[in-house]
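# Understanding the architecture of this molecule
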Amino acid sequence: MAPDTLEQQLLPALTQLGRFWSLNRKKWVNDARQQISAADALTARILKHQAVLKGDLEHQKVTLKQLQDTHSQQAERLRECTDANTTLTVAHNALLLDASALRDALSESQQTLTGLELALAELKGQRQALTQENEQQGSALAQAQASHQSLQMAYSALEQRATQSQRDLLVASEECRTLQATLESLREVHQQVQRDLAQHQKWLQQEQAANQVLAHEKAVLQKKEALVREILSAPPRVHPPHRHDPEWDKDQFEEPTGGPSFSDWLKVFFVPALGELHLPAEPLAFVLDRVQELEATVAMLESTPLLRDKFVVAVAGGFSSGKSSFISSLIEGQTIELPNGMEPVTSIPTYVMSGGTDAIRGHTFRGGEISMSVDIYKGLSHDFAQSLGFNLRDILPYVTIETTLRHVEHLAFVDLPGYDAADSEGIHTAGDELTATDFMQSADAIVWVVGLDSNGTLPETDLAHLDKLSQRDLPIHVVLNKADLREPSQVTEVLDQIRDLLEAERIQFVGLSAYSSVLGEELQFLQKSLLESFGLWDQPGQPMTRVLRQFGELMDQVEGASSQRTATLDAVKSLRLDFMELLSHLPNGVLEESDLDSQRREYIEHVYSADEIDDLIGAQAENGTRLPSLRRNVNKRMMQLQKGLLANVDPGAAKDLLLRMRQEGMNYLERALA
């Protein structure tokens, strides 16, 4: 049943509206009905067209179903054709392989056939050759038969000759046995001759080796002789009048305007003046040691003017701590390398400083100098010095090297012997500690080197030397050399330990560095680095000021010792008065030993010996009248002691003599170092 149209659905509502509305609304209702009718007609057409489309859609579905069935059939046939084609392809490939194999077999057969044909032709040729050879052999056989007959005849003749040869052979055999016996004798003689020849050759080789050793020893001796001769014959820089000249006495030193040197002034005037002052033995010995140090310093500056504007840095430390390699690493390009090794090699103190050219000079004990090659300088080891039979430093106190140093201009580094090598190296290393100490005391600063290859901290002996140097207010920079042999963490730990150790010992130092001479660089440091210390020190030296200060300190010590002698004299005077006062209060009776110990023994022991004191006590025990004698003896002894201290020394003259010694010494030093 067809659905109601829109007009049928809306007709009751439109009819109802037409009743209630006024007439002027009726037209609108009619128009609405017309439009609704038109809409219904359009809807009917659409429904009809929809029905047609549904029929077409069903037809298309049927057609699509047929096409899908056809596609499935075609796909199945395509798969069958594909399988058949694959099978045919495999068969075709197999046929191709068979055909290739057949072609190869055919080619081989053809080659075989060709080879057989060639072999056949060759056999034919061989057959012809054999035929010809057979003919030739027939002719040769005839010739051989003729030759056989000739040989039979020759054989008969040979048999006769063989019989004769056997007889000759028997004779020759006998001769051969005789010759063999002779040969054996000759062989024995030959072997004996060979043994004698080998022995002679051995003796000859030993003699040649001994000659080589002697030649080497001779060359070494000639080298030593040449070096010693050159040192001894080197003329001094200045030729002062000899101190034993009869026309040269102390009066010549009134005004230092003539030729005598400071060293001569010390020997002729200063040292005898010390004797006139009658100083106590201990201060006098100390003063004389300082005089020798000052004399060596002035002589060095006189003979080496290049050192006068240098700031001297002593490089010191224990044996094999790396002092020489440390200085060598500071040389630009290492054109000159200081000797180093596991055995003590530095026997002569060496000044290394910046100069115009590379030059090595040895400075003699007379103030002269000699030019030295690198090989000769490297040969100045402890072994070489010991082989001379005397201390080489006695005639060659020091060496100077001029070269180009990195980072510095006015510094002079002193390479010193290790202070602790004497225990194992013999007599000529025994003075190493004294030499190192002397040069360190005359230096402006100290670089103390410790080898990290054998030490993990500062040895006790190093601490003792550093403590003494620290008391002299010298700037000290401690260098831990060979730091490249340790891990960086280990180096840091060792640096901290040594810093704590130095601070615990109250040893002042400006810097603590871990250094590698192989790399030529500082790896770690505490406080100041090496370059910072070198930068502070790299100033023109003031040897005049330093030497004058040393001489002033020396005179202060002399004046102090003289004042000490005066103070001792005053103490003796006071002690004498105390004795007299003490003895005046003692009773005349017998004294007990306990009373003597408590009242007088500490005074009497300074005047009497122990035996004399016992004699005095025994005498008083026997006779109480000995007290007056005791007073007289004490007074006499105290007067003798007082006169001995005076020793014909006028205090005023001593004061004038000390003033003259100071003024003349200053004048000679100023002239020597001008």
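That block above? That's the structure.
Attention in this report is confined to the structure presented alongside it. The structure displayed is predicted, hence computed values, not measured ones. (Residues numbered from 1 in each chain as written. Predicted model: local features only at pLDDT ≥ 70, side-chain atom pairs only at ≥ 80, totals over all residues. Heavy atoms only, no water.)

### Observations regarding the nonpolar core
Convention followed: The criterion is simple. A nonpolar core is a set of buried Ala, Val, Leu, Ile, Met, Phe, Trp, Tyr and Cys residues joined through side-chain atoms within 4.5 Å. Partly exposed describes any residue whose relative accessible area lies between the buried limit of under 20% and the exposed limit of over 50%, with all areas from a 1.4 Å probe on protein chains only and scaled to the type maximum. The helix and strand labels rest on DSSP assignments: H or I over at least four residues marks a helix, E over at least two residues marks a strand, and numbering proceeds from the N terminus. Every residue pair with non-hydrogen atoms within 4.5 Å of one another is taken to be in contact.
The biggest cluster of nonpolar side chains holds 68 residues, and the ones touching the most others in it are Phe270 and Met661. With 8 residues, helix H3 (residues 262-277) is the single largest residue contributor to this core. When neighbours within four sequence positions are excluded, Phe270 is seen to be in contact with Trp265, Val291, Phe551, Leu554, Met555, Val558 and Met661. Membership of the second largest hydrophobic core comes to 39 residues, among which are Tyr377, Leu392, Val408 and Val449.

### Observations regarding the packing of aromatic side chains
The cut-off we apply is this: Two rings from Phe, Tyr or Trp (for Trp, the six-membered ring) form a pair when their centres sit within 6.5 Å of each other. Planes less than 30 degrees apart are called stacked, planes more than 60 degrees apart edge-to-face, and all others tilted.
Counting across every chain of the model gives 10 aromatic pairs. Between Trp265 and Phe269 the ring centres are 5.7 Å apart and the planes differ by 35°, which places this aromatic pair in the tilted class. Separated by 4 residues within a single helix, Trp265 and Phe269 lie in helix H3, roughly one turn from each other. The burial state of Trp265 is the same as that of Phe269; both residues are buried. Ring geometry for Phe270 and Phe551: centres 6.3 Å apart, planes at 55°, overall tilted.

### A short note on unusual backbone geometry
Phi is mostly negative for residues that are not glycine, and the peptide bonds are mostly trans. Phi angles above zero are rare outside glycine, and Lys482 is one such case at about 60°. Mapping Lys482 onto the fold places it in the loop between strand S8 (476-481) and helix H11 (488-504). A positive phi angle is found at Arg506, which is not glycine, with a value near 60°. In this fold, Arg506 is placed in the loop between H11 and strand S9 (511-516).

### A closer look at the pattern of salt bridges
For clarity, the cut-off: Here a salt bridge means any side-chain nitrogen of Lys or Arg lying within 4 Å of a carboxyl oxygen belonging to Asp or Glu.
By the definition in use, this model includes 12 salt bridges. Here Arg499 makes a salt bridge to Asp496, at a shortest N to O gap of 3.6 Å. Residue Arg499 and its partner Asp496 are both found in helix H11; the two are separated by 3 residues, about one turn of the helix. On the accessibility criterion, Asp496 (26% relative accessible area) is partly exposed.

### Remarks on helix H12 (residues 530-537)
We apply this condition: What the arc describes is the spread of directions from the helix axis to the C-beta atoms.
Along H12, the positions that sit buried rather than exposed are Leu530, Ser533, Phe534 and Trp537. Projected down its long axis, H12 carries its buried residues within an arc of 100°, all on one side.

### Some remarks on the sheet that holds S8
Definition in use: A pair of strands counts as paired when DSSP detects no fewer than two bridges linking them. To get an axis, a line is fitted to the C-alpha atoms, and for a helix only the part in contact is used. The angle between two axes follows their N-to-C directions and goes from 0 to 180 degrees.
One open sheet holds the 10 strands; their spatial order is S4-S3-S5-S2-S6-S1-S7-S8-S9-S10, and the pairing between them is mixed. If you trace the sheet from one side to the other, it starts and ends with strand S4 (369-372) and strand S10 (521-527), each paired once. For this sheet, the mean inter-axis angle between neighbouring strands, taken without regard to orientation, is 25°. Judged from the 6 bridges that link them, strand S7 (residues 445-451) and S8 form a sheet pairing that is parallel.

### Here we look at a nonpolar patch on the surface
Rules: Each patch is built from residues lacking any salt bridge and having more than 30% relative accessible area; the joining distance is 9 Å for like charges and 5 Å for nonpolar side chains (Val, Leu, Ile, Met, Phe, Trp, Tyr). Accessible surface is estimated by sampling points in the Shrake-Rupley manner with a 1.4 Å probe; for residues, cover comes only from the protein chains shown.
Where nonpolar side chains cluster on the molecular surface, the patch consists of Val518, Leu519 and Leu523 and spans about 290 Å² of accessible area. Within the secondary structure layout, Leu523 lies in strand S10. With a relative accessible area of 35%, Leu523 lands in the partly exposed category.

### Let's talk about the packing of H3 against helix H4 (residues 281-303)
Test applied: Convention used here: angles under 35 degrees read as roughly parallel, angles over 145 as roughly antiparallel, angles from 65 to 115 as roughly perpendicular, and any remaining angle as oblique. Handedness of a crossing is defined here by the sense of rotation of the near helix relative to the far one, left-handed for an anticlockwise turn of less than a right angle and right-handed for a clockwise turn. All residues other than Ala, Val, Leu, Ile, Met, Phe, Trp, Tyr, Cys, Pro, Asp, Glu, Lys and Arg, Gly among them, are scored as polar; the first ten of these are nonpolar and the last four charged.
One can describe the packing of H3 onto H4 by two numbers: an axis separation of 11 Å at closest approach and a directional angle of 165°. In terms of orientation, H3 lies roughly antiparallel with respect to H4. Viewed along their axes, H3 and H4 form a crossing whose handedness is right-handed. For the pair H3 and H4, the contacting residues are Phe262, Ser263, Leu266, Lys267, Phe270, Val271 and Leu274 in the first and Leu284, Val287, Leu288, Val291, Leu294, Glu295, Val298 and Glu302 in the second. For the contact of H3 with H4, the class distribution of residues is 11 nonpolar, 1 polar and 3 charged.

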